Amino acid sequence: MMVRTRFAPSPTGFLHVGSLRTALYAYLIAKQNNGKFLLRIEDTDRKRFVEGSIESIITSLKWAGMEVDEGVGLNSDDKVVQVGAKGPYIQSERLGIYKKFAAQLLDNGHAYHCFCTAERLGELKNYQQANKLPTGYDKLCRELDPAEAKKRIENGEQHVLRLKMPKGGETTFVDLVRGEVSFKNELIDDQVLIKADGFPTYHFAVVIDDHFMEITHVIRGDEWLSSTPKHLQLYKYFGWEAPKIAHLSLLLNADKSKLSKRQGDVAVKDYIDKGYLPQAMVNFVAFLGWNPGGEQEIYSLEQLVEEFKVEKIIKSGAVFNLEKLDWFNQQYIKNLSGDELVKVCSPWLIKAGLITGNEDKSWLSTVFDLEKERIVTLAELPEAVKFVFIAPEYDGQILVWKKGTLEEVKKILPELAEFLDTISIQDWNEEKLQAMVGEWITKNGLSNGSVLWPLRVALSGQQNSPGPFEIAAVLGKEESIERIKTAIEKL
RNA sequence: GGCCUCAUCGUCUAAUGGCUAGGACAUUGCCCUUUCACGGCGAAAAUACGGGUUCGAUCCCCGUUGGGGCUACCA
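Small disclaimer: the values here were computed from a predicted structure and weren't measured. Residue positions are given per chain, counted from 1 along the sequence in the order it is written. Lettering for chains starts from A, numbering for ligands starts from 1, and both go in the order in which the items are written. Local features are withheld for residues below a pLDDT of 70 in this predicted model, meaning they are given only at 70 or higher, and side-chain atom pairs are given and counted only at 80 or more; totals for whole chains, interfaces and linings count all residues. Hydrogen atoms and water are omitted, and side-chain values are computed over all heavy atoms in the structure.

## Side note on the overall build of chain A
Which entries qualify depends on this criterion: Numbering of helices and strands runs from the N terminus; a helix is a DSSP stretch of H or I covering at least four residues, while a strand is a stretch of E covering at least two. In this description the radius of gyration comes from C-alpha coordinates, and the expected globular size is given by 2.2 Å times residues to the power 0.38. To sort residues, take the accessible area from a 1.4 Å probe on protein chains only and compare it with the maximum for the residue type: under 20% means buried, over 50% means exposed, and anything in between is partly exposed. Here a residue-residue contact requires only that any non-hydrogen atoms of the pair lie within 4.5 Å. Here the open area of atoms and residues is found with the Shrake-Rupley method and a 1.4 Å probe, where only the protein chains shown may cover a residue.
Counting its regular elements, chain A contains 19 helices and 13 strands. In summary, chain A has a C-alpha radius of gyration of 32 Å against a globular reference of 23 Å for 491 residues, an excess of more than 25%. Here the C-alpha coordinates of chain A stretch approximately 105 × 50 × 45 Å along the principal axes. Burial status across chain A gives 48% buried among its 491 residues. In chain A, once contacts between residues fewer than 6 apart in sequence are set aside, the share between residues at least 24 apart is 72%. Accessible surface, chain A: about 24200 Å² in total, of which carbon and sulfur atoms supply 50%.

## Points about the nonpolar core
Quick note on the threshold: Buried Ala, Val, Leu, Ile, Met, Phe, Trp, Tyr and Cys residues form a nonpolar core when they are joined through side-chain atoms within 4.5 Å.
Judged by nonpolar contacts, the single largest core of 140 residues is most densely connected at Phe204, Phe320 and Leu420. A total of 10 residues in this core trace back to one element, the largest contributor, which is helix H1 (residues 17–32). Sequence-distant contacts of Phe320, that is, excluding residues within four places in its chain, are made with Val17, Leu251, Leu252, Leu259, Tyr271, Met281, Phe284, Val285 and Leu288. Membership of the second largest hydrophobic core comes to eight residues, among which are Leu124, Cys141, Val160 and Val192.

## Re the protein's contact with RNA strand B
Rules: Any residue with a heavy atom positioned within 4 Å of a molecule or strand is treated as near that molecule or strand. Two N or O atoms form a polar contact when they lie within 3.5 Å of each other; inside protein one atom must be a possible hydrogen donor and the other a possible acceptor, and for residues adjacent in sequence the pair counts only when both atoms belong to side chains.
In the vicinity of RNA strand B, 68 residues are found, and the nearest of them are Thr135, Lys195, Glu373, Arg374 and Asn464. At the protein interface, 75% of the atoms of RNA strand B within 4 Å belong to sugar or phosphate. At 2.7 Å from a phosphate oxygen of RNA strand B is found a side-chain nitrogen or oxygen belonging to Thr44. The contact in question runs from a sugar or linking oxygen of RNA strand B to an N or O atom on the backbone of Gln463, over 3.5 Å. For the surface near RNA strand B, the elements supplying multiple residues, two or more each, are strand E6 (160–163), strand E8 (179–184), strand E13 (318–319), helix H11 (322–334) and helix H17 (448–460). Broken down by element, the surface near RNA strand B gets its largest block of residues, six residues, from H11.

## Some words on the packing of H1 against helix H9 (residues 278–286)
Going by this rule: Lines fitted to the C-alpha atoms define the axes, with helices restricted to the stretch that makes contact. Angles between their N-to-C directions range from 0 to 180 degrees. An angle below 35 degrees is treated as roughly parallel, one above 145 as roughly antiparallel, one from 65 to 115 as roughly perpendicular, and anything else as oblique. For this classification, Asp, Glu, Lys and Arg are treated as charged, while Ala, Val, Leu, Ile, Met, Phe, Trp, Tyr, Cys and Pro are nonpolar and the rest, including Gly, are polar.
Relative to each other, H1 and H9 sit at 80 degrees, their axes nearing to 10 Å. Comparing their axes, H9 and H1 come out roughly perpendicular. Contact residues: Val17, Leu20, Arg21, Leu24 and Tyr25 in H1; Met281, Val282, Val285 and Ala286 in H9. For the contact of H1 with H9, the per-class residue count stands at eight nonpolar, no polar and one charged.

## Focus on the packing of aromatic side chains
What counts here: Two aromatic rings from Phe, Tyr or Trp, using only the six-membered ring of Trp, form a pair when their centres are within 6.5 Å; if the ring planes differ by under 30 degrees the pair is stacked, by over 60 it is edge-to-face, and anything between is tilted. A ring is scored as having a charge over it whenever the NZ atom of a lysine or the CZ atom of an arginine sits within 6 Å of its centre and within 35 degrees of its normal.
Enumeration according to the criterion identifies 21 aromatic pairs in this entry. Ring centres of Phe419 and Trp440 lie 5.6 Å apart, and the angle between their planes is 20 degrees; on these two criteria the pair is classed as stacked. Taken as a pair, Phe419 in helix H15 (residues 406–421) and Trp440 in helix H16 (residues 430–443) lie far apart in primary sequence, 21 residues in all. Taken as a pair, Phe419 and Trp440 share a single burial class, namely buried. For Arg152, the ring lying beneath its charged end belongs to Phe115, and the centroid distance is 4.3 Å.

## Examining the sheet that holds strand E9 (residues 192–194)
The condition that has to hold: Any two strands are treated as partners once DSSP identifies two or more bridges connecting them.
The sheet built from three strands is open, its strands ordered E5-E6-E9 with antiparallel pairing. The sheet is open, and its two edges are formed by strand E5 (111–114) and E9, each paired on a single side. Averaged over neighbouring strand pairs, the angle between their axes works out to 45 degrees when direction is ignored. When E6 meets E9, the two strands line up antiparallel, connected through two bridges. Residue pairing for E9: Arg162 is matched across the bridge by Val192. Taken strand by strand, helix H3 (residues 95–107) contacts E5, E6 and E9, and its axis lies near 100 degrees from that of E5.

## Looking at helix H19 (residues 477–490)
Note the following rule: Multiplying 1.5 Å by the helix residue count minus one yields the expected span of that helix. Arc definition: it is the arc formed by the directions from the helix axis to the C-beta atoms.
For H19, which comprises 14 residues, the first-to-last C-alpha distance of 20 Å matches the rise-based estimate of 20 Å (1.5 Å per residue) to within 8%. Within the sequence span of H19, burial applies to Lys477, Ser480, Ile481, Arg483, Ile484 and Ala487. One side of H19 holds all its buried residues, which, seen down the axis, span an arc of 155 degrees. Away from its buried face, by an angle of more than 90 degrees, H19 presents the exposed residues Glu478 and Glu489. Looking at the buried side of H19, the elements it contacts are helix H14 (381–389), H15, H17 and helix H18 (468–475).

## Looking at the side chain of Thr171
As for its placement among the helices and strands, Thr171 is situated in strand E7 (residues 170–175). Here Asn185 takes part through its side chain, which lies 2.6 Å from a polar atom of the side chain of Thr171. Those residues in contact with Thr171, other than ones at most four positions away along the chain, are Val181, Ser182, Phe183, Asn185, Pro229 and Leu232.

## Some details on H14
Turning to H14, its buried residues are Leu381, Pro382, Ala384, Val385, Phe387 and Val388. The inward-facing, buried residues of H14 contact helix H12 (338–351), helix H13 (361–371), H17, H18 and H19.

## Side note on the pattern of salt bridges
For the record, the criterion: For this analysis, a salt bridge means a side-chain nitrogen from Lys or Arg found within 4 Å of a carboxyl oxygen belonging to Asp or Glu.
Across all of its chains, the model carries 26 salt bridges by this definition. One connected set of salt bridges, linked through shared partners, spans Arg6, Arg40, Glu42, Arg94, Asp209 and Asp210.

## Quick notes on the confidence of the model for chain A
Low-confidence regions, as indicated by low pLDDT, have predicted coordinates that should not be scrutinised in detail. Under the convention used in this document: Think of pLDDT as the predictor's per-residue confidence, scored from 0 to 100.
Scored by pLDDT, chain A comes out at a mean of 95, with 100% of its residues at no less than 70. Confidence metrics for the complex model read pTM 0.95 and ipTM 0.95.

Have a look at this one:
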């Protein structure tokens, strides 16, 4: 059987990092089985709908490298489109379908209309809480005569449709990550299926949709575990086979509370804007709650598809640990090279106004090579390479090496400038410069530090920077010598 | 409160009915080195607690404690 998984977010804002992980696991399961990964939009709550969030969720998913095979996507004009034969894939466009199956449930006596007001429900809850009773609907309207209910509806009375949960027995199911879980039916609420506004609740829509979209594996957050019996009951009433279900434990703040906005960024977009690479984010998030077991830490999306095992998903919640994310990001940035490096770095420098994007690509690549081992996020890049584009301001005192003296620098720098001037443009590259200056140092009986430190500072204007030869190669002969002359004037 | 669920270094995690409890991040020492970073080699750091079962339990069972989720006409 074809494996089909889905990611089904609500369009209430940006894609959450926890949702990214949920989507990723669903994606991995689909892909490793040559199955399909679908995207469905669950917009049954009109009050919480946020304009533009469908687009931004899809954009974040794409950024992470997860291509949707079926369902909702964006066309080349960034307009929301739907692809696939089992749509629509946006719940608000499926109202007719829900209505039809709600009617079927009602006809079969598996659901009933409820006219209880919000006030009564509120009082009921207060009473239950005050008396330390389990909270939940008291099933008052379940005893109503259907004919009378019909009459009240015709009179225009507000109503909802509720699921008739069995009053006895229990619902037991096997969760792919938790194993067997079981709930007493009497404690499960007669869930509202169709709201007074005619829209289905999540619980109803999810069952109908997963069934008709032929979803084989439901991967979702832990917050759904306790409502799973309601969903299973629905499958039973309809006579449908339920999909396999996996509940993922939640991502946590450093203090182990549920990951929240108050304690840091939770939107994938925040991390995109801060300069994290999609590969790092995916790798990091994949390892929060799953581990291949070996000692390898760096996994590409393709490798994750190969190695991922549902059985190895971890049951306990994982702290969203930014320091580890930083490390992953650093690793991925460090390993970028050539065209790839230029492609991901250039936009940041263009935004900072340092380059236009029309510069020579191979030269840009050497510029980025300078700092790629020194930055944690791409956002740090413009500041880090700024000295290449703008001759830096600095205090001449820093030209003196900690083991050297001002007099020494005053003597060495001009001689060095003179020597460098004799080197041809053809030889002006990192390797040659290193070799030639090295020889010059030896010949003059100098120490590396007494020459290299002032040279490096003269070129970079910074106490900490990449090595002098790499910088000199990037700057070119003319600019390099110019900067050394400027340095001499500062002494 | 009720129901469900989880529990190995600070964090992410590996492992087994008999172990020096392994790795990674972070911390830290040393090396490399003109600086910073990278890299290399080390150090410190964990089986929540109490009972069982067992020759033996971190692992199996029960309880306690602690964390998390649900308890909406939100998802």
